[in-house]
Amino acid sequence: MWIFVNNLDVAEPKTAAAVKVALNLSKVSGFERLLTKNVNSALIAVPTLNDNVKRSFKNFSNMEVSETRNINPVSLLKYKYLVLSNPAESVEMLEAKMK
């Protein structure tokens, strides 16, 4: 399952901010088990890797933050959920990779 989010910026590199984001995402239909799956739950793809986002999610053992340009089909198979930040830019990057 995948979902697009407009913006995934966090003001400070705090795990509490990441928990808040994850809780909001888990309210979306189909993403209810986002926080209950122990390993390889979600790949969070952002167009440019923000240090605050990376550091906020590093305490989650079941989620990985990566740049959209680093996504490949094999890495997508590892995760149940895909969260793409900034849809316009992310889709543009993925289309460019396919050419």
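Residues numbered from 1 in each chain as written. Predicted model: local features only at pLDDT ≥ 70, side-chain atom pairs only at ≥ 80, totals over all residues. Heavy atoms only, no water.

Draft legend 1. Geometry of the layout of surface pockets. If you add up the space inside the largest pocket, you get close to 170 Å³. If you trace the largest pocket, you find it lined by I71, N72, P73, L76, L82, L84, L94, K97 and M98. Counting residues per element, the lining of the largest pocket draws most heavily on helix α4 (residues 87-98), which supplies three residues. (1 Å grid on protein atoms, 1.4 Å probe; cavity = no way out; pocket = protein on both sides within 12 Å on 5 of 7 lines; lining within 4 Å. Points joined across faces, edges and corners; volume = space filled by probe spheres on them. Helix = DSSP H or I, 4+ residues; strand = E, 2+ residues; numbered from the N terminus.)

Draft legend 2. View of the pattern of salt bridges. For the structure on display, the rule yields two salt bridges. The salt bridge involving D51 is made with R55; its shortest N-O contact spans 3.8 Å. Residue D51 and its partner R55 are both found in helix α2 (residues 51-57); the two are separated by four residues, about one turn of the helix. Taking the relative accessible area as the measure of exposure, R55 reaches 41% and is therefore partly exposed. Residue R69 is joined to E67 by a salt bridge in which the shortest nitrogen-to-oxygen separation is 2.6 Å. Since its relative accessible area comes to 15%, E67 is described here as buried. (Salt bridge = Lys/Arg side-chain N within 4 Å of Asp/Glu carboxyl O. Buried < 20%, exposed > 50% of the residue type's maximum accessible area, 1.4 Å probe, protein only.)

Draft legend 3. Quick look at the pairing of strand β4 (residues 81-85). Burial of β4 is extensive: five of the five residues sit out of reach of the surface. A two-sided burial pattern is seen for β4, the buried positions comprising Y81, V83 and S85 on one face and L82 and L84 on the other. With four bridges joining them, strand β1 (residues 2-5) and β4 adopt parallel strand pairing. Within the sheet, the bridge partner assigned to F4 lies in β4 and is L84. Note that strand β2 (residues 42-46) and β4 share four bridges and pair parallel. Its bridge partner being in β4, L43 is matched across the sheet by L82. (Pairing = 2+ DSSP bridges.)

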